[in-house]
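Structural features, examined
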Amino acid sequence: MARVGFVGLGNMGGPMAVNLVKAGHDVAGFDIVSSNLDEFVTSGGKGAASASQAAAGAEVIITMLPAGQHVRDVYTGADGLIATAADGALLIDCSTIDVETARAVAAAAGKAGLAMLDAPVSGGVVGAQAGTLTFMVGGSDDGFARAQPILDNMGKNIIHAGAAGNGQAAKICNNMILGISMIGVSEAFVLAEKLGLDHQKLFDISSTASGQCWSLTTYCPVPGPVPTSPANKDYQPGFSTDMMLKDLRLAQEAANSAGATTPLGAQAASIYGLFADTGAGNVDFSGIIRYLRGQSGD
Ligand code: NAD
C-alpha cells in the first residue's frame, strides 16, 4: 500500500481520497476549506496543515482542484508540490484544466526529475463516491504503469491517452461532442413538439435509426423515454450547465491556440452561456431544451 498525499477534498476529491483510504492506503489530505478537511478526517483520512505537508514523504501526490490557476499555484512556486515532493514521487493532477497549463506544469515537474500525469475524470460525484470514474491519462508509459494500481481504487476505466496534456485533450474533445449532441437532440425534440410528433415516437424511431447517440438513448432531454435521465427529476444534475460551459470554454481555448476549426463547439459554448445567464448554472446541461423552448432555467 502507498503513502499518498491528496490536495483538494471537494465534491470530487473528497470521495476519491476516501476510496483510497478504504483501499488501505496511508492518505494525508489537505484543503483550504476546513470543513472539507474535517469531513475527510471523520472518514478515516489524515489531515495535513498544508499541501506540502500532505505531500511530505508521499510516493504518490494527487490533486483535484477547480481550475488551471489553482493547479499552477499548488505545484509551482517556492513551496509548491514540485519543490517539496520527495525524490521519485509520482504527481497526478485529476482536475479538469486547460491543456497548456497541464503541459507546462508537467514540463516543470520533469525538469525537477519528477514524473507527472494529467488524469481528468468523467463520471461525476456519483462515480467518485462509487469508485467507478473514467480516468483519461496523459504522460509517460512508466508514469501510467505506476499510477494504474492507485487509479484502479477510484475508477473502473483507466485509459492512457498519450503524452502529457493528452488526458485533458481527450476530456475536452469528448465533452465538446456531448455538448453539441445534446443541443442537436434537444432541437429535434422541440421541432417534433411543434410538428405534433410524440416524444416517445421520435425516441423509438431515432434510437434505432441514424440519429442514435448517447444524448438521446442514455440521457434523453425529455421525461419518459429514459426513466433514469435528469429530465425525469426536473433536470437536477447530473452534470451541471456550469460544468459543461467550463469544458466547452476550455475546448474553445484549445481550438484557438491549436488553430482548429470548431464552429459548432463555439456555438454550443455560446448557447450554454446564454442558458447559464438565465440562472440555470446549477441545472443539468440537458435542461438546455428549456432554453430552446424559450424557457428560463428555474
Ligand atoms: P470543488 O470546488 O468541490 O473542489 C475543489 C476543491 O479544491 C475545493 O474543496 C477547494 O477548497 C479546494 N482548493 C482550491 N484551492 C486549493 C488549494 N490551493 N489548496 C488546497 N485545496 C484547494 O470542485 P469539484 O466538483 O470537486 O471538481 C474538481 C475538479 O474536477 C474540477 O476541475 C472539475 O471541473 C472536475 N470535475 C468535476 C466533476 C463534477 O461532477 N463535480 C466531474 C468531472 C470533473
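The sections below set out a description of the structure shown in this document. (Residues numbered from 1 in each chain as written. Predicted model: local features only at pLDDT ≥ 70, side-chain atom pairs only at ≥ 80, totals over all residues. Heavy atoms only, no water.)

Here's the deal with the nonpolar core
If you look at the biggest cluster of nonpolar residues, it comprises 36 residues, and the most contacted ones within it are Phe189, Leu216, Cys220, Leu248, Tyr272, Phe285 and Ile288. For this core, the secondary structure elements donating two or more residues are helix H9 (166-195), helix H10 (199-206), helix H12 (241-258), helix H13 (263-280) and helix H14 (288-292). Among the elements that line this core, the one with the most residues is H9, at 9 residues. Setting aside residues up to four positions removed in sequence, phenylalanine 189 forms contacts with His199, Leu202, Leu216, Cys220, Pro221, Val222 and Ile289. Listed in part, the 32 residues of the second largest apolar core include Ala2, Leu9, Leu117 and Leu151. (Core = buried A, V, L, I, M, F, W, Y, C linked by side-chain atoms within 4.5 Å. Buried < 20%, exposed > 50% of the residue type's maximum accessible area, 1.4 Å probe, protein only. Helix = DSSP H or I, 4+ residues; strand = E, 2+ residues; numbered from the N terminus. Contact = heavy atoms within 4.5 Å.)

Let's talk about the pattern of salt bridges
Within the structure shown, the criterion is met by 3 salt bridges. Between aspartate 26 and lysine 46 there is a salt bridge whose closest N-O contact spans 2.8 Å. Here lysine 46 lies in strand E3 (residues 46-47) and aspartate 26 lies in strand E2 (residues 26-30), a separation of 20 residues in the sequence. For aspartate 234, the salt bridge identified is with arginine 290, shortest N-O distance 2.5 Å. In this pair, aspartate 234 is assigned in the loop between helix H11 (214-217) and H12 and arginine 290 in helix H14, connecting sequence segments 56 residues apart. Overall, arginine 290 belongs to the buried group, its relative accessible area being 12%. (Salt bridge = Lys/Arg side-chain N within 4 Å of Asp/Glu carboxyl O.)

Comments concerning unusual backbone geometry
Of note, the amide linkage connecting proline 237 to glycine 238 takes the cis form, showing an omega dihedral of 15°. The topology assignment puts glycine 238 in the loop between H11 and H12. The phi angle at aspartate 234 is positive, at roughly 55°, despite the residue not being glycine. A residue is classified by how much of its surface remains accessible, and aspartate 234, at 54% relative accessible area, is exposed. The residue tyrosine 235 is not glycine, and still its phi comes out positive at about 60°. Its location among the elements puts tyrosine 235 in the loop between H11 and H12. A residue is classified by how much of its surface remains accessible, and tyrosine 235, at 7% relative accessible area, is buried.

Quick look at the packing of aromatic side chains
A complete count under the given rule lists 5 aromatic pairs for this structure. Ring plane angle 80° and centroid distance 5.8 Å describe the contact between phenylalanine 239 and phenylalanine 285, whose orientation is recorded as edge-to-face. Placement of the pair is phenylalanine 239 in the loop between H11 and H12 and phenylalanine 285 in the loop between H13 and H14, with a sequence separation of 46 residues. What makes phenylalanine 285 buried here is its relative accessible area of 1%. Through a chain of ring-to-ring contacts, three or more aromatic side chains come together here, namely Trp214, Tyr219, Phe239, Tyr272 and Phe285. (Phe/Tyr/Trp six-rings, centres within 6.5 Å; stacked < 30°, edge-to-face > 60°.)

As for the site of the ligand
The environment of the ligand is formed by 23 residues, the closest being Asn11, Met12, Asp31, Asn36 and Lys246. Residue aspartate 31 places a side-chain N or O atom 2.6 Å away from an oxygen atom belonging to the ligand. The contact in question runs from an oxygen atom of the ligand to an N or O atom on the backbone of proline 66, over 3.0 Å. Elements with a minimum of two residues in the shell around the ligand: helix H4 (68-75), helix H7 (124-130) and H12. Considered class by class, the residues forming the shell around the ligand number 12 nonpolar, 8 polar and 3 charged. For the shell around the ligand, the two domains that each supply at least three residues are domain 1 (3-163) and domain 2 (169-292). (Near = heavy atom within 4 Å. Polar contact = N/O pair within 3.5 Å; in protein donor to acceptor, adjacent residues only side chain to side chain. Nonpolar A, V, L, I, M, F, W, Y, C, P; charged D, E, K, R; others polar. Domains from an automatic or database assignment.)

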